[in-house]
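Spelled out, the chains give:
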Amino acid sequence: MLKNRIIPCLDVKNGRVVKGINFVDLKDAGDPVEQAKIYSDGGADEICFLDITASNENRDTIYDVVERTSKKCFVPLTVGGGVRSIVDINKLLNCGADKVSINTAAVENPKVVLDSSKKFGSQCIVVAIDAKKNGDKWEIFTHGGRNNSGLDALEYAKKMEDNGAGELLVTSMDRDGTQIGYDVDLMSKIASKVNIPLIASGGVGNLDHLVDGIKLGNASAVLAASIFHYGKHSVQEAKEYLDSKGIPVRI
Amino acid sequence: MNVTIVDYYSGNVSSVLNSFKEAAKYKPDLNIKIKLSNKLEDIKNADKLVLPGQGSFKNCINSLKGIDGLEEALKEQVQIKKKFILGICVGMQMFADYGEEDGGSEGLGWISGTVKKIKIPIKFQENCKLPHIGWNGAGFYVVRGPIADKFTNRLGSGEAGDKHFYFVHSYIFHPKDIDNLLGETYYAGQKFMSAVIKENIIGTQFHPEKSGNDGLLMIKNFLCL
């Protein structure tokens, strides 16, 4: 039976972890590679890096991070943030990323999803959707949530599936950082609209939220950042909790 | 021991390279050298071969056949010299006679059978997506002989499949001869082939290089054959 996945996400800026696990025995708590290794040893089903490096000069730092991580972690690694072109994707995959997530570039130029899925295969193309509720629908935001594209999230999700996306990473901008739980309404609506797997993101504050993301949001995988940081919950605890709620997980 | 990972431009192979290098560390006595190459001399000099594969069957087979002399060199080493080869994902699928993806194309024809798209029955459509992405169990048959036993050593056996491996695919290989079936996996109410074996030819639908410690163990088992 296929298991639901738990994906810890690390924000990386200039090659360093912004938040992160605050374990005393870490040699270098700011090193994304060490943090990723802790997660993968702890049972994370995948690892996600979100590169939030603002300046162009430091953008190359992520490639070194990916290269070093792929020599230490033997679970799938997804890298997002600033992925704009086939050249970027090629570079990340060559460094050892297994998947890339494309956000703003997919909105501005949907052809990049079409071209990259043809060239590299749908299995490595994740389209990241940042959506915010507006009345009775959700709209797509870009540039880290700053710009409203006005696009309808459900229609956009379907279009990205048609363009060859292998998975959708859906983040509710209303919930992101709030720790009050996923927008399961948004998740389940998108999940029923498409046939590709959905990864839920944005708003996790406790382990019940992960359960809700899967049971109510119909997500195939749940992504979370802060609950795994600072040792609040380990990935193993999260898995045992999901298991106790009857959700199939890899333990 | 020389191990050549066949590089025929099928996409990202650095994960395969890294995982084999990691698994080789457990066996320093074998003096394993791992190389990523499509040079014919590296194919000939290899003791073991690895055939990765990502993307579509058609792209992969066209790309492999597009490299001058590669198919013949592989055939000689695998079919005549009987060197061990491990096919991963589409690399494994290419062992088949035929793949239906993208209008269809001929495979290498080393293991009789066809690669077809997974059919999701209507009652499973709401919860079972395609591609089949993520961690799933694999159960390995115990009656496939000593090579199969060594390859799946300490990775469980029987139906349940208590060991998990990482999958990402929409197509599956249906071998003609049931004796080639090495492992099976359940998805969307059906069982499908997730590992094949025919003498020295071994393949997995899942990605051992992305399957954590159990995947590394399987790679180590392969290196020890």
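Attention in this report is confined to the structure presented alongside it. (Residues numbered from 1 in each chain as written. Chains lettered and ligands numbered in written order. Predicted model: local features only at pLDDT ≥ 70, side-chain atom pairs only at ≥ 80, totals over all residues.)

**Some points on the nonpolar core**
Rule in force here: To form a nonpolar core, buried Ala, Val, Leu, Ile, Met, Phe, Trp, Tyr and Cys residues must be joined through C-beta atoms within 7 Å. Buried, partly exposed and exposed are defined by the number of other C-beta atoms within 10 Å of a residue's own C-beta, namely 20 or more, between the two limits, and 12 or fewer respectively, with C-beta atoms placed from the backbone. Distance between backbone-placed C-beta atoms decides contact: two residues are in contact if it is within 7 Å.
In this structure, Val127(A), Ile129(A), Leu168(A) and Val170(A) are the most contacted members of the largest nonpolar core, which totals 83 residues. Discounting residues that sit within four places of it in the chain, Leu168(A) has contacts with Val127(A), Ile129(A), Ala157(A), Met160(A), Ile190(A), Val194(A), Ile196(A), Leu198(A) and Ile199(A). Residues Val16(B), Phe192(B), Ile197(B) and Ile201(B) belong to the second largest nonpolar core, which totals 67 residues.

**Here's the deal with the sheet that holds strand β9 (residues 163-169) of chain B**
Residues and elements named next belong to chain B. Put simply, the test is: Two strands pair under a simple rule: DSSP has to find at least two bridges between them. Under the DSSP-based scheme used, a helix requires at least four consecutive residues in state H or I and a strand at least two consecutive residues in state E, with every element numbered from the N terminus. Every axis corresponds to a line fitted to the C-alpha atoms, with the helix fit spanning only the stretch in contact, and the corresponding angles, defined between N-to-C directions, vary from 0 to 180 degrees.
As summarised here, the arrangement of the nine strands in space is β2-β1-β3-β4-β13-β12-β11-β8-β9, forming an open sheet in which the pairing is mixed. Two strands bound the open sheet, and with one partner strand each, they are β2 (33-37) and β9. Sheet twist, expressed as the mean angle between neighbouring strand axes with direction ignored, is 30 degrees. As judged from the six bridges shared by strand β11 (residues 181-187) and strand β12 (residues 190-198), these two strands associate in the antiparallel manner. Bridging from a neighbouring strand, Tyr187 pairs with Gln190 of β12. Here helix α1 (residues 14-24) sits on the sheet and contacts β1 (2-6), β2, β3 (48-51) and β4 (84-88); the angle it forms with β2, its principal contact strand, is near 170 degrees.

**Focus on the environment of Gly183(B)**
Residues and elements named next belong to chain B. Along the chain, the position of Gly183 falls in strand β11. Look at Gly183 and you get buried, because 29 C-beta atoms sit within 10 Å. Look past the residues within four positions of Gly183 in its chain and what remains in contact with it is Ala138, Gly139, Phe140, Tyr141, Ser194 and Ala195.

**Comments concerning the pairing of β4(B)**
All names here are of chain B. In terms of burial, β4 is largely enclosed, as five of its five residues are buried. Of the two faces of β4, the one holding Phe84, Leu86 and Ile88 and the one holding Ile85 and Gly87 are both buried throughout. Two elements, β3 and β4, share four bridges in a ladder whose sense is parallel. Within the sheet, the bridge partner assigned to Leu51 lies in β4 and is Gly87. One ladder, built from four bridges, connects β4 with strand β13 (residues 201-204); its direction is parallel. For Ile88, the partnering residue across the bridge sits in β13 and is Thr204.

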